[in-house]
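Structure at a glance
Letter by letter, the chains look like this.
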Amino acid sequence: WTRSRLSNHAALKLKIKEIDKMAKLKSQTRIIFVATAFLGAVTAALPQAVYHLKETVDMHMKTHMMCYEACVSATVIGTIIAVIALGALFSKNEKVNLAASGLLFIGGILTIIIPKLNGYCEMESMACREITEPTLIMLGILIILLSAAQISSEIINIHKKANFV
């Protein structure tokens, strides 16, 4: 009777340790999603608010300048990233969080690629080339790294939960 009681006690301690580890993973998940939502909001606001890339019209062609198109695309992508991260923050399903993390990873890649495809000013000394482009690349890389960490964390969490049950 004493041996079985001791083995039950050891098993209970092991389960408590596993629950503590899962709680740490959940808090890590929340921190990563909050940080990613913040980076998405910064990506959305930065080109227009900080660098003042407003709607500018080329005097000769009567069209928007290329930096304006890059600015709009960064704002749209940043908003989508922030919304996905905030939505995942309130989700309790690990598979939903894993899917959201995958979407955030793709969003980080798009943060780098889409503004480049839309184009920046041809003059190297313009704010959109000197400041906005490298900043968006840095933000995209940070979003990619955070979402990759979140993907690995979610996969670990899913596997541990499957082995725990």
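Before reading further, recall that the structure is shown in the block above.
A brief report on the enclosed structure follows. (Residues numbered from 1 in each chain as written. Predicted model: local features only at pLDDT ≥ 70, side-chain atom pairs only at ≥ 80, totals over all residues. Heavy atoms only, no water.)

1. Some words on the overall build of the protein
Note the threshold: The numbering of helices and of strands both runs from the N terminus, where a helix is a DSSP run of H or I of at least 4 residues and a strand a run of E of at least 2. Remark: exposure states derive from per-residue accessible area (1.4 Å probe, protein chains only) relative to the maximum for the residue type, with buried under 20%, exposed over 50%, and partly exposed in between. Only heavy atoms enter the contact rule, under which two residues are in contact if any of them lie within 4.5 Å. Accessibility throughout is a Shrake-Rupley quantity obtained with a 1.4 Å probe, and a residue counts as covered only by protein chains that appear here.
Scanning the protein from terminus to terminus reveals four helices and zero strands. Walking the protein from its N terminus toward its C terminus, one meets helices and strands in the order α-α-α-α. Burial statistics for the protein: of 165 residues in total, 35% are counted as buried. Taking the contacts inside the protein whose residues are at least 6 apart along the sequence as the reference set, 81% of them involve residues at least 24 apart. Counting every atom, the protein has about 10,200 Å² of accessible surface; 69% of that belongs to carbon and sulfur.

2. With respect to the environment of Ala-45
Within the element layout of this structure, Ala-45 appears in helix 1 (residues 2–50). On the basis of relative accessible area, Ala-45 is assigned to the partly exposed category, the value being 38%. Along the chain, Ala-45 and Val-72 lie 27 residues apart, while their C-alpha atoms are 10.0 Å from each other.

3. Observations regarding the nonpolar core
The criterion, for reference: We call a set of buried Ala, Val, Leu, Ile, Met, Phe, Trp, Tyr and Cys residues a nonpolar core when their side-chain atoms join them within 4.5 Å.
Residues Phe-33, Ile-81, Leu-104 and Leu-139 are the most contacted members of the largest nonpolar core, which totals 15 residues. Looking at this core, the elements that each hand over two or more residues are helix 1, helix 2 (66–89), helix 3 (94–118) and helix 4 (127–164). Ranked by the residues each element gives to this core, the list is headed by helix 2, at six residues. Ignoring anything within four residues of it in the chain, the contact list for Phe-33 reads Ala-85, Ala-88, Leu-89, Asn-97, Ser-101, Leu-104 and Gln-150.

4. So, the side chain of Ser-147
Rules: As used in this structure description, the phrase polar contact means that two N or O atoms lie within 3.5 Å; if the pair is within protein, one of them must be able to donate a hydrogen and the other to accept it, and residues adjacent in sequence are counted only when both atoms belong to side chains.
With respect to the element layout, Ser-147 can be found in helix 4. Accessibility expressed as a relative area gives 1% for Ser-147, which makes it buried. A polar contact of 3.0 Å, which involves the side chain of Ser-147, links it to the backbone oxygen of Ile-144. Dropping the residues within four chain positions of it, Ser-147 is found in contact with Ser-101, Leu-104 and Phe-105.

5. Re the environment of Thr-111
Position of Thr-111 relative to the elements: it lies in helix 3. A relative accessible area of 2% places Thr-111 in the buried class. For Thr-111 and Ile-137, which are 26 residues apart along the polypeptide, the C-alpha to C-alpha distance reads 7.1 Å. Excluding its chain neighbours within four sequence positions, the residues that come into contact with Thr-111 are Thr-43, Ile-77, Ile-81, Leu-136, Gly-140 and Ile-143.

6. What to know about the side chain of Asn-97
Locating Asn-97 in the fold gives a position in helix 3. In this structure Asn-97 comes out as buried when scored by relative accessible area, which is 6%. Not counting residues within four places of it along the chain, the set of residues in contact with Asn-97 comprises Thr-29, Phe-33, Ala-88, Ser-91 and Glu-154.

7. Overview of the environment of Glu-130
Structurally, Glu-130 is set in helix 4. The class of Glu-130 is partly exposed, set by a relative accessible area of 49%. Among all residues touching Glu-130, those that are not within four sequence positions of it are Glu-124 and Ser-125.

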